[in-house]
Amino acid sequence: MDIKITPSRLSGKVRIPSSKSVAHRMIICASLAGDSEITGINFSKDIDATIQAMGALGSFIYTDNNSADIPDRINPPEKAVIDCNESGSTLRFIIPVACALGVETEFHGRGRLPQRPIDIYIRELSRHGIHFDYNNTMPFTVSGKLTGGTYEIEGNVSSQFITGLLFALPILDTDSEIILTSRLESRPYVDITIDVLKKYGIVIQENEHGFYIKGNQKYIPHDDTVEGDFSQGAFFYVANAIGSSVTLENLNPDSVQGDKKILEIISQFEKDGHFRADCSDIPDLVPILSVLASYGTGKSVIYNAERLKIKESNRLETTASLINNIGGNVEVTPDGLIIRPTGNMTGGTVDSAGDHRIAMASAIAGTRTSGDVIIKGAESVEKSYPDFFKDYENSGGIINVISME
């Protein structure tokens, strides 16, 4: 679907959808615990993939408009087939869980997901009882029963590998240790994992080398509500910073979400007209931060964001194309972006490249351009925020569908 954004400032109230990061984690923990209810979920393709994955592994999940009820403890089958769609979180979180349950599992995916690396799991899980039938793409199969022990994991590839192990290792018969061989990037996402695990009765001990995980732990049933998502709220926070006046609801000021960092960066931007942002812990903010920087008064720099090359798109390249195609000036560096305001964002055509964050960032940029912004592949927002354009229009945004192909 291609749409046209006509420049218009936004106003009114937007209830920010629940955190996708928290929801993934709660669904997995509740499925392993059983007899739990999660409310406040905003369903999307990624969340649906995790629900279906846990169902394939033997959980019974009943959903309505905004909640999931998990009444029975998980009952693992001997074999399972899991379609992760395009969700990297689902894939990397569920692989160790399936292995810990001893379920032979065939994983499927689409988009860029089959090319996203799982080398760390192949190396480490293969040392702990797991066999991979893998040819550098999907589908692939894992089999065997995961064993405890020592796992040496690079922290600068993706925190998703750490999170996946933190779900799985507590239910093994023996104790385990995760030794980090490099700095842990995206640390706030691991903090979310540990916070959610604690609610479901799982204790993770942090030490100077990484994490120590006692075996034979039991997930305890727990009812909870998913808090709002700062990574989605960031789009409307930036809209406000460049001229709109939206009131954001459903965000927890005490959240441990790393993307709450958007408030600090905007504060710096409003004071200085530019910013420097280390995005190693906040990679999802890069597209919308680039929009913010383009409406500043000085050069902004985004760095430590090299991992964005293997997201739903090569997000450094697609972010640069987004801004440059609508009259901005972005230079791609080996690990980030340099944004130089041009003083006049004229509008133009942006290809979302199937990336939800590129599509949403383009729409926010279009609130201030001097001409229309055409977004190709706008339906990509369904991956994480299906109601984004509905909320955008309800806040005064002007959208016209120009093609349904």
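Okay, so let's go over this structure. The shown structure was predicted, so the numbers you read here are calculated from the model rather than taken from an experiment. (Residues numbered from 1 in each chain as written. Predicted model: local features only at pLDDT ≥ 70, side-chain atom pairs only at ≥ 80, totals over all residues. Heavy atoms only, no water.)

1. So, the pattern of salt bridges
Considering all chains together, one arrives at 21 salt bridges under this definition. The residue Arg110 makes a salt bridge to Asp83 at a minimum N-O spacing of 2.3 Å. Taken together, the residues Arg110 in the loop between β7 (104–108) and α4 (119–126) and Asp83 in strand β6 (residues 79–83) connect sequence positions 27 residues apart. Several salt bridges share partner residues, and in doing so they unite Arg123, Glu124, Arg127 and Glu154 into one network. (Salt bridge = Lys/Arg side-chain N within 4 Å of Asp/Glu carboxyl O. Helix = DSSP H or I, 4+ residues; strand = E, 2+ residues; numbered from the N terminus.)

2. Concerning the state of the cysteines
Among covalent bonds in proteins, the disulfide is the one between the sulfur atoms of two cysteines. By the definition in use, this model includes zero disulfides. Sulfur of Cys29: no disulfide; nearest cysteine sulfur belongs to Cys99 and is 17 Å away. The closest cysteine sulfur to the non-disulfide-bonded Cys84 is located on Cys99, 12 Å from its own sulfur. Note on Cys84: relative accessible area 0%, which makes it buried. (Disulfide = S-S within 2.5 Å. Buried < 20%, exposed > 50% of the residue type's maximum accessible area, 1.4 Å probe, protein only.)

3. Quick notes on the packing of aromatic side chains
The final tally for this structure, using the stated rule, is 11 aromatic pairs. With 5.5 Å between their ring centres and 75 degrees between their planes, Tyr385 and Phe388 make a pair best called edge-to-face. Look at Tyr385 and you get buried, because its relative accessible area is 2%. By relative accessible area, Phe388 is classed as buried at 0%. Taking 5.1 Å as the distance between ring centres and 75 degrees as the angle between the ring planes, the aromatic pair formed by Phe388 and Phe389 counts as edge-to-face. Its relative accessible area of 10% is what places Phe389 among the buried residues. Through a chain of ring-to-ring contacts, the aromatic side chains of Phe235, Phe236, Tyr385, Phe388, Phe389 and Tyr392 assemble into a single cluster. (Phe/Tyr/Trp six-rings, centres within 6.5 Å; stacked < 30°, edge-to-face > 60°.)

In short, the description is geometric, and any link to function would need to be established separately.
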